[in-house]
Amino acid sequence: MSTHADRPTPTDANDHTSRRLGLVRASRLAVDRVACTGHGVCAQLLDGVTLDEWGYPLVAPETVEGPEGHAVAETAIRLCPARALYLR
Ligand code: SF4
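In this text, all values refer to a predicted model and were calculated from it rather than measured experimentally.

## Observations concerning the site of the ligand
For the ligand, the set of nearby residues contains 14 residues, the closest of which are Cys36, His39, Val41, Cys42 and Cys80. Considered class by class, the residues forming the shell around the ligand number 10 nonpolar, 4 polar and no charged.

## Let's talk about the environment of Cys80
Summarising the element assignment, Cys80 is placed in the loop between helix H3 (66–79) and strand E5 (85–87). Counting along the chain gives 40 residues from Cys80 to Gly40, while the straight-line C-alpha distance between them is 8.4 Å. If near-sequence neighbours (up to four positions away) are discounted, Cys80 is found in contact with Val41, Cys42 and Leu85.

## A few points about the pairing of strand E1 (residues 27–31)
Pairing of E1 with strand E4 (residues 63–64) involves 2 bridges; the strand directions are antiparallel. When the sheet's bridge partners are listed, Arg28 is paired in E4 with Thr63.

## Details of the environment of Ala73
Position of Ala73 among the secondary structure elements: in helix H3. Judged by the 23 C-beta atoms lying within 10 Å of it, Ala73 falls in the buried class. Placed 28 residues apart in sequence, Ala73 and Leu45 show a C-alpha to C-alpha distance of 8.3 Å. Setting aside its immediate chain neighbours within four residues, Ala73 contacts Leu29, Leu46, Val64 and Leu87.

## Brief notes about the sheet that holds E4
If you trace the 3 strands from one edge of the open sheet to the other, you get E4-E1-E5, paired in antiparallel fashion. Because the sheet does not close on itself, it has two edges, and the strands there are E4 and E5. Lying on the sheet, H3 is in contact with E1, E4 and E5; it crosses E5 at an angle near 150 degrees.

Definitions and limits used
Residues numbered from 1 in each chain as written. Predicted model: local features only at pLDDT ≥ 70, side-chain atom pairs only at ≥ 80, totals over all residues. Near = placed C-beta within 6 Å. Nonpolar A, V, L, I, M, F, W, Y, C, P; charged D, E, K, R; others polar. Helix = DSSP H or I, 4+ residues; strand = E, 2+ residues; numbered from the N terminus. Contact = placed C-beta atoms within 7 Å. Pairing = 2+ DSSP bridges. Buried ≥ 20, exposed ≤ 12 C-beta atoms within 10 Å, placed from the backbone. Axes fitted to C-alpha atoms, helices over the stretch in contact; angles between N-to-C directions.

Structural data, given as structure tokens:
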């Protein structure tokens, strides 16, 4: 039985349609520095992320563009153990 939380919202549907049509806007990857615990998964997955001397991410200012760039960024966001990555 699905719950209300399982159903896509109109915004989810619009995002999916935009991605399918290649209309995704450029975004920037950001890190919630309070939530980040320095696991480094993001640096392993994303070219624009390096780690500082304490293992915390340094995110290059380049934007995440196109469906491929968003797919990789969304994978990193999903795999971040601290849920500290987001697109803005
Ligand atoms: S994967 Fe998440 S917790 Fe780990 S360094 Fe990157 S942002 Fe921080």
